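Spelled out from the first residue to the last, the chains are:
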Amino acid sequence: MEKHNYKLLTAYDGTRYYGWERQPGKPMTIQGKLEDVLSKMTGEEVEVIGAGRTDAGVHARGMVANARLMTDRSPEEIRDYMNRYLPEDICVQEVKKASDRFHSRYNAIGKTYRYTCYVGGGKPVFDRRYVYALDGLPDIEKMRTAAGYLMGTHDFKSFCHNPRMKKSTIRKVDQIQIQRDQDYLTLTYHGTGFLQYMVRIMTGTLLEVGFGERAPESMEELLAAKDRSLAGATAPPQGLCLMQVDYGG
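What is the right way to look at the environment of Met143 in this model?
In this fold, Met143 is placed in helix H3 (residues 140-150). Residue classification places Met143 among the buried positions, given a relative accessible area of 0%. Note: C-alpha distance between Met143 and Arg53 (90 residues apart in sequence) is 27 Å. Among all residues touching Met143, those that are not within four sequence positions of it are Pro138, Ile178, Leu185, Leu187, Leu206, Leu207, Val209 and Gly210.

When you look at the packing of H3 against helix H5 (residues 218-225) in this model, what are you seeing that I'm missing?
Helix-helix packing: each pair is described by the crossing angle between the helix axes and the interaxial distance. Running from amino to carboxyl end, H3 crosses H5 at an angle of 35°, the nearest separation of the two axes being 8 Å. For the crossing formed where H3 meets H5, the hand is right-handed. Note on element contacts: H5 touches H3 through Met219, Glu220 and Leu223, opposite Ala146, Tyr149 and Leu150. Of the residues contributing to the contact of H3 with H5, the split by class is five nonpolar, no polar and one charged.

Quick question: what am I supposed to make of the packing of aromatic side chains here?
For any pair of aromatic rings, the description rests on two quantities: the centre-to-centre distance and the angle between the ring planes. Under the criterion given, the structure shown has six aromatic pairs. Between Tyr12 and Trp20 the ring centres are 6.3 Å apart and the planes differ by 35°, which places this aromatic pair in the tilted class. Across the pair, Trp20 and Tyr12 agree in class, each one buried. With centroids separated by 5.4 Å and ring planes inclined at 90°, the aromatic side chains of Tyr113 and Phe194 adopt a geometry described as edge-to-face. With a gap of 81 residues between them, Tyr113 in strand E5 (residues 108-118) and Phe194 in the loop between strand E9 (184-191) and helix H4 (198-210) connect regions that are remote in the sequence. In this structure, Tyr113 and Phe194 share a single accessibility class: buried. Geometry around Tyr85 places Lys40 over its ring, the cationic atom sitting 4.0 Å from the centre. Its end group placed over the ring of Tyr197, Arg200 keeps NZ or CZ at 4.6 Å from the ring centre.

What exactly am I supposed to notice about the environment of Thr203 here?
Considering the arrangement of structural elements, one finds Thr203 in helix H4. Judged by its relative accessible area of 0%, Thr203 falls in the buried class. Distance from Thr203 to Thr186, taken between C-alpha atoms, is 9.9 Å for residues 17 residues apart in sequence. Residues in contact with Thr203, not counting those within four places in the same chain, are Tyr115, Leu187, Tyr189 and Ala235.

Basis of the calculations
- Residues numbered from 1 in each chain as written.
- Predicted model: local features only at pLDDT ≥ 70, side-chain atom pairs only at ≥ 80, totals over all residues.
- Heavy atoms only, no water.
- Helix = DSSP H or I, 4+ residues; strand = E, 2+ residues; numbered from the N terminus.
- Buried < 20%, exposed > 50% of the residue type's maximum accessible area, 1.4 Å probe, protein only.
- Contact = heavy atoms within 4.5 Å.
- Axes fitted to C-alpha atoms, helices over the stretch in contact; angles between N-to-C directions.
- Left-handed = near helix turned anticlockwise from the far one by under 90°.
- Nonpolar A, V, L, I, M, F, W, Y, C, P; charged D, E, K, R; others polar.
- Phe/Tyr/Trp six-rings, centres within 6.5 Å; stacked < 30°, edge-to-face > 60°.
- Lys NZ or Arg CZ within 6 Å of the ring centre and 35° of its normal.

Pasting the structure below:
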């Protein structure tokens, strides 16, 4: 029996977790839970590599990961075993054999995130873990105008939470869709990749535009400034969900 590389498609409710990435002294991480179950299944230590590192409280419907496993179980049997032992707020939707060269993070060419706001009356009692409840309805047209300045390839340092980021902060965001459907306002972002808290900071900034706290045109200055302190508040984590990870081929 030899090790094979497997691609895992996973969904999770991130409410009670410290995020995706395994951290010392914090057992409640998505990566940690997946690794615990696979290590139990194979009888040896397993590393699960994720396509990204969602933050504490952030959800995913389409997180892709990969792991090298020594097992004689079929992909379907691996999936069923994992779902039997994983907590009820994590689900492995699909397991497939992948090429030895497949790497969920390095091979990813795009990601889609969706941020959901509640703009209805009353309280979103049953959705409170998955939406950001706003006080009123922002001006969606102004938000769309501002979003137009953020699309394209830019240095997004003003939208990066990590002030000591040594790697490039240049990213390409090729789509920002802002839609209202009755009581819900969604901001859907697609890009080649995103910096730490980047989607949440962009959302907080666009909402400030929508509520008249800054002009749509100020996005140009904000990008040029490369200064996080000039951008808007970081929108809370529960409204954010990783929807899809794109791969070529």
